[in-house]
Amino acid sequence: MTVTLPPDYHPRDDEPFMNEYQTEYFRQKLLRWRYELLRESDETLQHLQEGGLQEPDIADRAQAEADRSLELRTRDRARKLIAKIDAALLRIEDGSYGYCEETQEPIGIRRLDARPIATLSIEAQERHERLERTHRDE
């Protein structure tokens, strides 16, 4: 069954959590984000393939290498983000999207709207970060 969202639809706290409209809203949001990351990745690949020219000046060559390195790190982060988006899309399919992996409580519309790949509620995320800091400080 396909749900058609009204053009101005935005999830609200006063409607049932992860109803058909909210689920479709987040599915579309994740797909748009994924598409944009893949498009940027294709542009980077084209740019890197075109960038085979040797710079005569050593400073220009160093800058070109630094730029390439930055682009590759950015693309690596995007690749990891795409994997998280794909995992979120799978959670939409299996019905677990929007619920905290630790507590199974709703993550919350505002948090999901800001970070659609979130897997933890704010409270669980804060607990996780406190534990990380504690272990890092030891």
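Summarised in this report is the structure supplied together with it. (Residues numbered from 1 in each chain as written. Predicted model: local features only at pLDDT ≥ 70, side-chain atom pairs only at ≥ 80, totals over all residues. Heavy atoms only, no water.)

### A word on the overall build of the chain
Then comes step 1: Each helix and strand counted, the chain has four helices and zero strands in total.
Then comes step 2: Taken from the N to the C terminus, the helices and strands of the chain come in the order α-α-α-α.
Then comes step 3: For the chain, the C-alpha radius of gyration of 20 Å lies well beyond 14 Å, the compact-globule estimate for 138 residues.
Then comes step 4: Seen along its three principal axes, the alpha-carbon backbone of the chain occupies a region of about 65 × 50 × 25 Å.
Then comes step 5: Put simply, the chain has 138 residues, and 27% of those count as buried.
Then comes step 6: Of the contacts made within the chain by residues no fewer than 6 positions apart, 53% connect residues no fewer than 24 positions apart. (Helix = DSSP H or I, 4+ residues; strand = E, 2+ residues; numbered from the N terminus. Rg over C-alpha atoms; globule rule 2.2 N^0.38 Å. Buried < 20%, exposed > 50% of the residue type's maximum accessible area, 1.4 Å probe, protein only. Contact = heavy atoms within 4.5 Å.)

### Some details on the nonpolar core
Then comes step 1: Counting 23 residues, the largest nonpolar core has Phe26, Leu30, Ile85, Tyr97 and Leu112 as its most contacted members.
Then comes step 2: Looking at this core, the elements that each hand over two or more residues are α1 (20-50), α2 (58-94) and α3 (109-114).
Then comes step 3: Top contributing element to this core by residue count: α2, with seven residues.
Then comes step 4: Setting aside chain neighbours within four positions, we find Leu112 in contact with Phe17, Met18, Phe26, Tyr97, Gly98, Ile107 and Ala118. (Core = buried A, V, L, I, M, F, W, Y, C linked by side-chain atoms within 4.5 Å.)

### A closer look at the packing of aromatic side chains
Then comes step 1: The full count for this structure, using the stated rule, is five aromatic pairs.
Then comes step 2: Geometrically, the ring pair formed by Tyr9 and Tyr25 is edge-to-face, given 6.0 Å between the ring centres and 70 degrees between the ring planes. Of this pair, Tyr9 sits in the segment before α1 while Tyr25 sits in helix α1, and the two are 16 residues apart along the sequence. Accessibility assignment for this pair places Tyr9 and Tyr25 in one class, buried.
Then comes step 3: Between Phe17 and Tyr99 the ring centres are 5.2 Å apart and the planes differ by 85 degrees, which places this aromatic pair in the edge-to-face class. On the criterion of sequence distance, the pair formed by Phe17 in the segment before α1 and Tyr99 in the loop between α2 and α3 is long-range, its members being 82 residues apart.
Then comes step 4: Cluster of aromatic residues (ring-pair linked, three or more members): Tyr9, Tyr21, Tyr25, Phe26 and Tyr97. (Phe/Tyr/Trp six-rings, centres within 6.5 Å; stacked < 30°, edge-to-face > 60°.)

### Observations regarding α2
Each α-helix turn comprises 3.6 residues. Residues three or four places apart therefore point the same way.
Then comes step 1: Compared with the 54 Å implied by 1.5 Å per residue over 37 residues, the 54 Å span of α2 between its first and last C-alpha is a close match.
Then comes step 2: Capping of α2 at its N-terminal end is provided by Asp57; its side-chain oxygen lies 3.2 Å from the backbone amide nitrogen of Ala59.
Then comes step 3: One or two positions beyond α2, positive phi appears at Gly95, with a value near 85 degrees. (Expected span 1.5 Å × (residues − 1). Polar contact = N/O pair within 3.5 Å; in protein donor to acceptor, adjacent residues only side chain to side chain.)

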